[in-house]
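Spelled out, the chains give:
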Amino acid sequence: MISYHSIEDIVNLCNENNMSFWQVILRADASERMVAEDASFATMRDMYRAMKRADAEYDKTLKSPSGLSGGDGEKMRKYNKDGKNLCGPFMGLAMEKAIKMGESNACMKRIVAAPTAGSCGVIPAVFLAYEECFNVPEDKMVKAMFVSAGVGAVIAENASIAGASGGCQAEIGSASAMAAAGLAYLEGGDAECISHAMAFALKNMLGLTCDPVCGLVEVPCIKRNSAGAVNAISSAQMAMAGIRSAITPDEVIDSMRRIGNELPACLKETGEGGLAVTPSALKIKERLN
């Protein structure tokens with residue numbers, strides 16, 4: 001039986017068994033759920049296709065019940081289409097898709113929590129944009145999903161993926177780390193490279209507060225999905241260049257847990273601190289009330 005409780009465990013299993021990162025996660029999942037590996041792969045494929053459907057079904061005309069979100073994804077699409085993209089086609093498309101997915105969530109459309117609804121835009125934005133820009137077979141994208149899932153499982157076990165307990169570093173930060181790991185795999189990175197891509201992405205998000213305006217998963221959450229996608233791409237590129245984190249991946253995760261525990265309650269999804277108590281936010285709250 002293959003099992004893991006840390007990023008180091010996964011890397012060691014890869015090296016000891018001559019397996020790829022995604023294979024370790026696949027076999028562990030199949031063993032834990034007592035299903036065939038083919039069935040595990042099929043389940044993950046369904047998850048990836050659900051992300052594709054959610055992206056394809058974005059409705060630029062919808063507004064959230066609060067009126068705080070809707071239509072910004074379309075603005076990004078037009079900006080990219082007009083050739084004004086500052087970031088290049090891949091990163092620009094990822095930013096667009098992240099905003100669209102976040103808006104779809106706010107507008108009560110079906111999304112895939114990855115790992116949460118508030119961070120639902122990061123992984124699909126990076127992966128769907130990558131598949132579209134680089135014409136990658138779907139099977140390889142599904143394998144990248146397993147890489148992301150393994151990283152997410154370790155973070156959830158050793159720290160948190162909930163804003164209420166760890167701040168937004170636990171949601172957007174975790175999603176960005178998961179996306180960076182999957183992207184490093186797609187670019188041909190080995191287990192060590194994948195782990196350092198994850199470490200860079202999470203390090204960059206440490207201390208990020210969860211301060212939703214009016215307690216809604218809209219402001220600043222949706223735009224943070226776009227930032228998380230960009231962070232994932234830059235982190236994967238650094239790892240692929242051979243740059244390594246001075247702090248080990250598991251110690252980064254442990255640091256996120258400690259920081260989350262030290263954050264005051266007002267910065268952990270209560271809407272009682274940070275951006276949620278700015279004059280602009282209070283005006284929004286008064287209007288909605």
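I will try to describe carefully the structure that is included in this document. (Residues numbered from 1 in each chain as written. Predicted model: local features only at pLDDT ≥ 70, side-chain atom pairs only at ≥ 80, totals over all residues. Heavy atoms only, no water.)

Overview of the packing of aromatic side chains
So, point 1. Applying the stated rule across the entire model yields five aromatic pairs.
So, point 2. Ring geometry for Phe41 versus Phe146: centroids 6.0 Å apart, planes at 25 degrees, classification stacked. Separated by 105 residues along the polypeptide, Phe41 in helix H3 (residues 37-56) and Phe146 in helix H7 (residues 138-158) bring together distant segments of the chain. Residues Phe41 and Phe146 agree in their burial class; the two are buried.
So, point 3. Measuring from centroid to centroid gives 4.6 Å for Tyr130 and Phe134, while their planes differ by 40 degrees, and the two rings are tilted. Placement of both Tyr130 and Phe134 in helix H6 (residues 122-134) is noted, with a separation of four residues, approximately one turn of the helix.
So, point 4. You can call Phe134 partly exposed: its relative accessible area is 43%.
So, point 5. Taken together, Trp22, Phe41 and Phe146 form an aromatic cluster joined through their ring pairs.
So, point 6. The cationic tip of Lys140 hangs over the ring face of Tyr185; the distance from NZ or CZ to the ring centre is 5.9 Å. (Phe/Tyr/Trp six-rings, centres within 6.5 Å; stacked < 30°, edge-to-face > 60°. Helix = DSSP H or I, 4+ residues; strand = E, 2+ residues; numbered from the N terminus. Buried < 20%, exposed > 50% of the residue type's maximum accessible area, 1.4 Å probe, protein only. Lys NZ or Arg CZ within 6 Å of the ring centre and 35° of its normal.)

With respect to the nonpolar core
So, point 1. Ranked by size, the top nonpolar core spans 77 residues in total, and within it Phe21, Val24, Val126 and Phe127 carry the most contacts.
So, point 2. The element contributing the most residues to this core is helix H9 (residues 172-186), with eleven residues.
So, point 3. Non-local contacts of Phe21, meaning those with residues more than four positions away in its chain, are made with Ile10, Cys14, Val147, Val151, Ala191 and Ile194.
So, point 4. The next biggest cluster of nonpolar side chains, apart from the first, holds five residues, and it includes Met76, Met95, Ile99 and Ala106. (Core = buried A, V, L, I, M, F, W, Y, C linked by side-chain atoms within 4.5 Å. Contact = heavy atoms within 4.5 Å.)

Concerning the packing of helix H1 (residues 7-17) against helix H10 (residues 191-205)
So, point 1. Between H1 and H10, the least distance of the axes is 9 Å, while the angle of their chain directions is 165 degrees. What the angle tells us is that H1 and H10 run roughly antiparallel. For the pair H1 and H10, the crossing hand works out as right-handed. Contact residues: H1 offers Ile7, Val11 and Cys14, while H10 offers Ala191, Ser195 and Met198. (Axes fitted to C-alpha atoms, helices over the stretch in contact; angles between N-to-C directions. Parallel < 35°, antiparallel > 145°, perpendicular 65-115°, else oblique. Left-handed = near helix turned anticlockwise from the far one by under 90°.)

So, the pattern of salt bridges
So, point 1. Tallied over the full model, the rule gives 18 salt bridges.
So, point 2. Through salt bridges with shared partners, a single network forms among Arg45, Arg49, Lys52, Glu131, Glu138 and Asp139. (Salt bridge = Lys/Arg side-chain N within 4 Å of Asp/Glu carboxyl O.)

Points about helix H12 (residues 249-262)
So, point 1. Compared with the 20 Å implied by 1.5 Å per residue over 14 residues, the 20 Å span of H12 between its first and last C-alpha is a close match.
So, point 2. Of all the positions in H12, only Pro249, Val252, Ile253, Ser255, Met256 and Gly260 are classed as buried. Buried residues of H12, viewed axially, fall in a sector of 155 degrees; they line one side. Exposed and oriented more than 90 degrees from the buried face of H12 are Asn261 and Glu262.
So, point 3. Here the buried face of H12 lies against H1, H7, helix H8 (163-166), H9 and H10. (Expected span 1.5 Å × (residues − 1). Arc of directions from axis to C-beta.)

Some details on the environment of Val230
So, point 1. Residue placement: Val230 occurs in helix H11 (residues 221-240).
So, point 2. Val230 gets classed as partly exposed once you look at its relative accessible area, which sits at 24%.
So, point 3. Linking Val230 and Ile161, residues 69 residues apart in sequence, is a C-alpha distance of 19 Å.
So, point 4. Once residues within four sequence positions are removed from consideration, Val230 is found in contact with Met91 and Met95.

As for the environment of Ala94
So, point 1. Along the chain, Ala94 falls in helix H5 (residues 89-106).
So, point 2. Remark: the alpha-carbon pair of Ala94 and Met141, spanning 47 residues in sequence, is separated by 15 Å.
So, point 3. Apart from the residues within four sequence positions on either side, Ala94 is in contact with Ala125, Val126, Ala129, Ala229 and Ile233.

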